[in-house]
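Remarks on the overall topology
Letter by letter, the chains look like this.
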2 protein chains.
Amino acid sequence: MLMADVTATPTMVTDKGLDRVIIGDSAKSFIDGAEGVLEYVGIEIDDLARNSTFEECCYLLWYDRLPTADELASYEKDIRSHYMLSDNIKQMLQQTPKDASPMHVVRTLVSALGMEDPECNDQSIEAEERKALRVLAKTPAIIAGFDRHRRGESLIDPDPNLNIATNFLLMLNGEMPGEQTARALDVCLILHADHGINASTFATMVAIGTQSDMYSAITAAIGTLRGPLHGGANERVMRMLQEIGSIDAVEGFVTGRLERKEKVPGFGHRVYKAYDPRAKYLKTFAETIADETGNHDLYEMSSTIEGIMEAAVGAKGIHPNVDFFSATSYYSMGLAIDLFTPVFALARNAGWAAHALERHEDNRLIRPRCNYTGPHGAPYVAIENR
Amino acid sequence: MLMADVTATPTMVTDKGLDRVIIGDSAKSFIDGAEGVLEYVGIEIDDLARNSTFEECCYLLWYDRLPTADELASYEKDIRSHYMLSDNIKQMLQQTPKDASPMHVVRTLVSALGMEDPECNDQSIEAEERKALRVLAKTPAIIAGFDRHRRGESLIDPDPNLNIATNFLLMLNGEMPGEQTARALDVCLILHADHGINASTFATMVAIGTQSDMYSAITAAIGTLRGPLHGGANERVMRMLQEIGSIDAVEGFVTGRLERKEKVPGFGHRVYKAYDPRAKYLKTFAETIADETGNHDLYEMSSTIEGIMEAAVGAKGIHPNVDFFSATSYYSMGLAIDLFTPVFALARNAGWAAHALERHEDNRLIRPRCNYTGPHGAPYVAIENR
């Protein structure tokens, strides 16, 4: 049996990006890019953004249905009981180099949670669910804690009376966020909770495929999300806005990019040719958050960019995407730009765990082959004769 | 464009394990299970085990040819200059819970190397090579350091005059290993350096696919290797030997397993139907190491098991594999059983980096689809009506 050197036969498929491969069944999320549809377990994302909460969407994605009031209360209580980081993890956080790239920190500290989990060698589905819950509960404190540490400020303990979004902003900024601002983050987390089998979600499936554990799976996913081809689009939007600098410079900047046929960050999407269904509701929020946080100028700049782009390329199916509106929302909430991708990770914990748990129940080792192109039967030449 | 809900067409392939998928070209290692062949860049593994060194094989796998004497000296010097852990990483090691599972520790601490790398945001192939070299150089100190920490002993600094294998045993045991013992580890590292596109190596490719970095890729690989379907086979061999306990109990134990049609750890291999080419040379070493380290009984037990198994199932193509002989070798060297998989990771750093670097030069995002089996158009039912 040849493993590495495979001659393509009708039963073998060469596919470097797995574009033509269906990796199995999934009942988590459905995407129709042509029609601009995203559903979590059959419910439209816009409906969820308007009416649901991040915690409820996590439950929906993990258990394939909306919780009853009692189930939701119990699930939230469980999450909140795990908000607090151990002294050991806090100490690790406070020892991280202050100039570290935040995604390296989040990957390392989430991995470290596995070192102190007494269930780390229990791979039952129940134990894996509990690990996923701990990661979901503790990631906000890791991100906020690192940011405060690098700013030279003391860590703020989580408040178990608050939901994930409000609590994160409290731990980050040291004060209670405005109601609209906290709800805006909650909506952003809902919108980023799952998106089919993307590259980072697939990374969790590769790890789970060997019967490895939730910490290994999510650590792999965080590292995969880190790449600029996956996470990071809203960071580019915000850096563009900073580069433009003022409302007067918008028109020159955008038309210049269009004339040079350069991309404008936050517009167009590989999947969505219709309007990004995640952008719809967030857009209506953008002005409110900007005003609540004293960032009206930022809203005006975005709004002007959107107007110019819609007139120029809207007819070609290039519209603002979720990153365009989440960028200014995050910035208004007080998030440093390099925390945008960590917050993406915080939200996607929901989907990563959902797919890892789903795969756990019907698992298979994932191991493709390659087409070996090297030599055969080469001699080991002694070093003095090379 | 549908992303998640895909109806299989002649151009789409459903393949949960990617058994029928060729993920691209590779010139690193070649496996022929029927003939019992494993080659690194065309050179037979048995030739390399007898004549080469682990460092030379790393060079071979990364640069697709054997180094000249000057190149090897320079490469080794470079590796050795990175042996030492920073004070920060040493402190993190000494704060890890003593009962942590070592693979969680290795995954976390290798990830932590990324936090302190000044090049962490430079994704050029040259910077990625340097990161791979740092991981390769520092992993031994992480494994040995954690083991000493949990035993309550002080960390031992690496000696830049020693090769990776000798240095690891010195840092682990606090004394210079015998020459044969150090060479035995060197051989084990060579034998585990690469093995085609296995699950953990594929994990590095998924991470690199988003243009993420070497730390993310290797962290994903360590987490994937952790699963019992991938790493861990030699740990099961050693636990079996401990369960048997003495030479007198061998025959009853093995024939019992055979009668009940249960597997005997360390025998048979999913890929190799002929004799595992990695086991050949290691086998000849096993007695020497056992004797040098005062573990002759262990050798006799293994040898008796092998004799019984060969007579019973050898004709069916079930032979001892590399894990059977590496288990007793590692144990004789003084390694705790739960360090066997971390040492596998240490060796496989060579192959993980080789494949990640190869993919980096001809990259593609890896993103399969799934067959969506959930509902569509489900209503968001208000919580009071559920």
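The sections below set out a description of the structure shown in this document. (Residues numbered from 1 in each chain as written. Chains lettered and ligands numbered in written order. Predicted model: local features only at pLDDT ≥ 70, side-chain atom pairs only at ≥ 80, totals over all residues. Heavy atoms only, no water.)

With that out of the way, let us pick up the relation of the copies chain B and chain A. At an RMSD of 0.0 Å, chain B and chain A line up after a rotation of 180 degrees and a shift of 0.0 Å along the axis. Read as a symmetry element, the transformation amounts to a two-fold axis. Minimal C-alpha distance to the rotation axis in chain B is attained by Ala220(B), lying at 2.0 Å. Comparing contact sets, 100% of the residues at the interface of chain B also lie at the interface in chain A, consistent with an isologous, same-surface contact. (Least-squares fit on C-alpha atoms with pLDDT ≥ 70 in both. Contact = heavy atoms within 4.5 Å.)

Our next topic: a negative patch on the surface. Residues and elements named next belong to chain A. A surface patch of negative charge is lined by Glu287, Asp291, Asp297 and Glu300. For the negative patch, the elements supplying multiple residues, two or more each, are α13 (279-292) and α14 (296-313). Locating aspartate 297 in the fold gives a position in helix α14. Using a relative accessible area of 59% as the deciding quantity, one classes aspartate 297 as exposed. (Patch = residues over 30% accessible without salt bridge, like charges linked within 9 Å, V, L, I, M, F, W, Y side chains within 5 Å. Areas by Shrake-Rupley, 256 points an atom, 1.4 Å probe, with all protein chains shown as cover. Salt bridge = Lys/Arg side-chain N within 4 Å of Asp/Glu carboxyl O. Lys, Arg positive; Asp, Glu negative; His and termini not counted. Charge placed at Lys NZ, Arg CZ, Asp CG, Glu CD. Helix = DSSP H or I, 4+ residues; strand = E, 2+ residues; numbered from the N terminus. Buried < 20%, exposed > 50% of the residue type's maximum accessible area, 1.4 Å probe, protein only.)

Across soluble globular proteins, nonpolar side chains have a tendency to be buried as a group. Judged by nonpolar contacts, the single largest core of 224 residues is most densely connected at Phe54(A) and Phe54(B). Setting aside residues no more than four positions away along its own chain, Phe54(B) makes contact with Leu136(B), Ile164(B), Asp186(B), Leu189(B), Ile190(B), Ala193(B), Leu346(B), Ala347(B) and Ala350(B). Listed in part, the 22 residues of the second largest apolar core include Val21(A), Ile197(A), Met205(A) and Ile366(B). (Core = buried A, V, L, I, M, F, W, Y, C linked by side-chain atoms within 4.5 Å.)

As for its position among the elements, Gln95(A) is in helix α4 (residues 87-95). With a relative accessible area of 16%, Gln95(A) lands in the buried category. Beyond its immediate sequence surroundings of up to four residues, Gln95(A) is in contact with His149(A), Asn88(B), Gln91(B), Met92(B) and Gln95(B).

Moving on to the side chain of Lys28(B). You can see Lys28(B) is positioned in the loop between β2 (21-26) and β3 (29-32). What makes Lys28(B) buried here is its relative accessible area of 2%. A distance of 2.8 Å separates a polar side-chain atom of Lys28(B) from the backbone oxygen of Leu61(B). When residues no more than four places from it in sequence are discounted, the contact partners of Lys28(B) are Tyr372(A), Glu39(B), Tyr40(B), Val41(B), Leu61(B), Trp62(B), Asp64(B), Asp194(B), Ala354(B), His355(B) and Glu358(B). (Polar contact = N/O pair within 3.5 Å; in protein donor to acceptor, adjacent residues only side chain to side chain.)

Summed over the entire model, instances satisfying the criterion amount to 21 aromatic pairs over all chains. Ring plane angle 65 degrees and centroid distance 6.4 Å describe the contact between Trp62(B) and Tyr63(B), whose orientation is recorded as edge-to-face. Taking relative accessible area as the criterion, Trp62(B) reaches 7% and is therefore assigned buried. Assessed through its relative accessible area of 30%, Tyr63(B) is described here as partly exposed. Three or more aromatic residues joined by ring pairs make a cluster, and in this case those are Tyr59(A), Trp62(A), Tyr63(A) and Tyr75(A). Positioned above the aromatic ring of Tyr380(A) is the side chain of Arg386(A), whose terminal nitrogen or guanidinium carbon lies 5.3 Å from the ring centre. (Phe/Tyr/Trp six-rings, centres within 6.5 Å; stacked < 30°, edge-to-face > 60°. Lys NZ or Arg CZ within 6 Å of the ring centre and 35° of its normal.)

Attention now goes to the sheet that holds strand β1 (residues 13-14) of chain B. Taken together, 3 strands build an open sheet; the order of strands is β1(B)-β2(A)-β6(B) and the sheet is parallel. Two strands close off the open sheet at either side, each with one partner strand: β1 and β6 (369-372) of chain B. Across 2 bridges, the pairing between strand β2 (residues 21-26) of chain A and β1(B) is parallel. From the neighbouring strand, Val21(A) faces β1(B), where its bridge partner is Val13(B). (Pairing = 2+ DSSP bridges.)

What follows covers the interface of chain B and chain A. Across the boundary between the two partners, chain B contributes 115 residues, which contact 115 residues of chain A. Counting the contacts that link chain B with chain A gives 8 salt bridges. One can count 71 residue pairs in polar contact (both at pLDDT 80 or more) joining chain B with chain A. Among the elements that line the side of chain B that touches chain A, the one with the most residues is helix α5 (residues 102-115) of chain B, at 9 residues. Partitioned by chemical class, the residues of the side of chain B that touches chain A number 53 nonpolar, 40 polar and 22 charged. By the bridge criterion, 3 bridges tie β2(A) to β6(B) in an arrangement that is parallel. Looking across to β6(B), one finds that Ile22(A) is bridged to Arg369(B). (Nonpolar A, V, L, I, M, F, W, Y, C, P; charged D, E, K, R; others polar.)

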